[in-house]
Amino acid sequence: MDESIVGLLKGVELFSELNEEQLAMLCDLVVAQNFTRDETVVLEGDDSVQALYLIASGSVQVYMTGADGRETILSFLERGDFFGEMSLIDGEPRSASVRTVTDAKLLAIHRESFLKLIRQSPEIAMGLLSEMSKRLRKANRQIGSLSTMSVSGRVAGTLLNLMEERGVRIHTDGGKMVTVIHNRPTQQQLADMSGTTRETVSRISSLLVRTGAIAMTGKDIVIFDEGMLQEKATKG
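Cut-off values and rules
Residues numbered from 1 in each chain as written. Predicted model: local features only at pLDDT ≥ 70, side-chain atom pairs only at ≥ 80, totals over all residues. Heavy atoms only, no water. Phe/Tyr/Trp six-rings, centres within 6.5 Å; stacked < 30°, edge-to-face > 60°. Helix = DSSP H or I, 4+ residues; strand = E, 2+ residues; numbered from the N terminus. Buried < 20%, exposed > 50% of the residue type's maximum accessible area, 1.4 Å probe, protein only. Pairing = 2+ DSSP bridges. 1 Å grid on protein atoms, 1.4 Å probe; cavity = no way out; pocket = protein on both sides within 12 Å on 5 of 7 lines; lining within 4 Å. Points joined across faces, edges and corners; volume = space filled by probe spheres on them. Axes fitted to C-alpha atoms, helices over the stretch in contact; angles between N-to-C directions. Contact = heavy atoms within 4.5 Å. Expected span 1.5 Å × (residues − 1). Polar contact = N/O pair within 3.5 Å; in protein donor to acceptor, adjacent residues only side chain to side chain. Core = buried A, V, L, I, M, F, W, Y, C linked by side-chain atoms within 4.5 Å.

Undergrad: How would you summarise the packing of aromatic side chains if you had to cite specific residues and measurements?
TA: In this structure the tally under the stated criterion is one aromatic pair. Ring plane angle 15 degrees and centroid distance 5.2 Å describe the contact between Tyr-53 and Phe-83, whose orientation is recorded as stacked. Here the residue Tyr-53 occupies a position in strand 3 (residues 51-57), and Phe-83 occupies one in strand 6 (residues 82-83), the gap between them amounting to 30 residues. Tyr-53 sits in the buried class, given a relative accessible area of 4%.

Written out as structure tokens, the structure reads:
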């Protein structure tokens, strides 16, 4: 049994209620796969490989491609996150594509093995339902923002989503609490997430920096005024 894999599985919320015996059983089911940067892991509409993927290292982006060929990024996932759960449950083709952002090591659990495990460990099914509910709520918010919000509201909403997914709360030297988003997406990626152009994201980001709502420091985004982002996202 690979202790490093067991350690990773323990940190995944989906498997947090499993005991040592169940974790050992799960560890025996995973298949490690290495991917290079910008490599497609799963493709929207494909049904050839039905598996749940856990991210052991690196990061990926989940996206959909419109009829015009334009990509909309749904989320970024990192170590400890998972994807592929929908096709795993219903056996239908992939609802979105996944591409690596960096070199990545993924742990695959194929459908039949996973379904067998769920029957033996109902705790996993409850964890899966909880996570799918969270993702559905997020998807609903994204759909609503893309259809009704102004572009500045959409960009603010994207930053709030990133805060929720990846934000780390820290104290500044002055004692103020701020949120840091490490390894921030590129402006093109932010544009793909917000349904706009890179130039527009650059303009709105610059405005948010000037007003003191955020700061761009190296590869990070620092959120100083979450309330201002909330206001822009709410007013649209």
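Undergrad: Break down the sheet that holds strand 6 for me, citing the residues and quoting the values.
TA: Strand order in the open sheet formed by four strands is 1-8-3-6, with antiparallel pairing between adjacent strands. The sheet terminates laterally at strand 1 (31-35) and strand 6, the two strands that pair on one side only. The sheet contact formed by strand 3 and strand 8 (residues 104-110) spans six bridges and is antiparallel. Following the sheet pairing, Leu-52 is matched in strand 8 by Ile-109.

Undergrad: If you had to explain the layout of surface pockets to someone new, which residues and values would you point to?
TA: If you add up the space inside the second largest pocket, you get close to 430 Å³. Around the second largest pocket sit 17 residues that line it, and Arg-37, Val-101, Arg-184, Thr-186 and Gln-189 are the ones nearest its centre.

Undergrad: Which residues make up the sheet that holds strand 11 (residues 214-217), and what values go with them?
TA: In space, the four strands of this open sheet follow the order 9-10-12-11, with antiparallel pairing throughout. Edge positions in the sheet fall to strand 9 (168-171) and strand 11, since each of these pairs with one other strand and no more. Ignoring which end each strand starts from, the neighbouring axes of this sheet average 30 degrees apart. Across four bridges, strand 11 lies against strand 12 (residues 220-223) in antiparallel orientation. Bridge pairing in strand 12 links Met-216 to Ile-221. Each of strand 9, strand 10 (177-181), strand 11 and strand 12 touches helix 6 (residues 151-166); the most contacted strand, strand 10, lies at about 90 degrees to it.

Undergrad: I'd love a proper account of helix 6, names of residues and values included.
TA: Taking 1.5 Å of rise per residue, the 16 residues of helix 6 would be expected to cover 22 Å, and the 22 Å separating its terminal C-alpha atoms lies within 8% of that figure. Within helix 6, twelve of the 16 residues are buried, which leaves it mostly tucked inside the rest of the structure.

Undergrad: A description of the side chain of Thr-196 should follow, citing residues and the corresponding values.
TA: Secondary-structure assignment places Thr-196 in the loop between helix 7 (187-194) and helix 8 (198-210). With sequence-adjacent residues up to four places away left out, Thr-196 is seen in contact with Arg-70, Val-151, Arg-154, Val-155, Ala-191 and Val-201.

Undergrad: Quick rundown of the side chain of Gln-61? Include the residues and the values.
TA: Tracing the backbone through its elements, the reader meets Gln-61 in strand 4 (residues 60-65). Among the polar contacts made by the side chain of Gln-61, one reaches the side chain of Gln-189 at a distance of 3.4 Å. Ignoring any residue separated from it by four or fewer positions in sequence, one finds Gln-61 in contact with Ile-73, Ser-75, Phe-76, Ser-97, Val-98, Arg-99, Val-101 and Gln-189.

Undergrad: I'd like a rundown of the nonpolar core, residues and numbers included.
TA: If you look at the biggest cluster of nonpolar residues, it comprises 24 residues, and the most contacted ones within it are Phe-15, Leu-52 and Phe-114. At the level of elements, helix 1 (3-11), helix 2 (20-27), strand 3, strand 8, helix 4 (111-120) and helix 5 (122-148) are the ones that each hand at least two residues to this core. The leading source of residues in this core is helix 1, at four residues. When sequence neighbours within four positions are dropped, the list of residues in contact with Leu-52 reads Leu-14, Phe-15, Phe-82, Phe-83, Gly-84, Glu-85, Leu-88, Leu-107, Ala-108, Ile-109 and Phe-114.

Undergrad: Any chance you could break down the pairing of strand 9 for me, citing the residues and the numbers?
TA: Looking along a regular strand, one sees the side chains alternate between the two faces of the sheet. Bridging between strand 9 and strand 10 involves four bridges; their strand directions are antiparallel. Within the sheet, the bridge partner assigned to Val-168 lies in strand 10 and is Val-180. With antiparallel pairing between neighbouring strands as the criterion, strand 9 and strand 10 make up a hairpin whose turn holds five residues, including Gly-175 at a positive phi of roughly 90 degrees.

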